[in-house]
Amino acid sequence: EILTVKSLQKLDITVHVYPNPTLDVFHIQFHEMPEKRIQVSLLNAKGQILKQQDFAANYLEMNINTLPSGIYILNLKATDSQAQNSYKIIKK
């Protein structure tokens, strides 16, 4: 049996996520307005979605003050395709 893995398509957009590490709030800043709606998901180490929302702006603020300290994955995905980018977020 042969298993194959598809490579993931990346979003063709420049994103700045700051501050990282963070205590409570981090910001997602797109260099330019996304052409498509973006689904933003924050996942824990088990892959469980903790927060999720769609947006079509060049700036988003996410408050994680209720989450315990640890490492989280921020996933940005175009809502009309499989293109996505992932970032490691450290909560102090």
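In case you missed it, the structure is sitting above this.
Not measured: the values here are computed from a predicted model. (Residues numbered from 1 in each chain as written. Predicted model: local features only at pLDDT ≥ 70, side-chain atom pairs only at ≥ 80, totals over all residues. Heavy atoms only, no water.)

## A few points about the nonpolar core
Membership of the largest hydrophobic core comes to 21 residues, with the highest contact counts inside it found for Phe26, Ile28, Val40, Leu42, Leu74 and Leu76. Counting only elements with at least two residues in this core, the list comes to strand E1 (15–18), strand E2 (25–30), strand E3 (38–43), strand E5 (59–63) and strand E6 (70–78). (Core = buried A, V, L, I, M, F, W, Y, C linked by side-chain atoms within 4.5 Å. Buried < 20%, exposed > 50% of the residue type's maximum accessible area, 1.4 Å probe, protein only. Helix = DSSP H or I, 4+ residues; strand = E, 2+ residues; numbered from the N terminus.)

## Quick look at the sheet that holds strand E7 (residues 84–91)
Pairing is antiparallel in the open sheet, where four strands are placed in the order E4-E3-E6-E7. A strand with exactly one partner marks an edge of an open sheet, and here the two such strands are strand E4 (49–55) and E7. Direction aside, neighbouring strands of the sheet carry axes that sit 20° apart on average. Here E6 runs beside E7; their pairing, made up of eight bridges, is antiparallel. From the neighbouring strand, Ile73 faces E7, where its bridge partner is Lys88. (Pairing = 2+ DSSP bridges. Axes fitted to C-alpha atoms, helices over the stretch in contact; angles between N-to-C directions.)

Everything listed here is a matter of geometry and, on its own, says nothing about what the molecule does.
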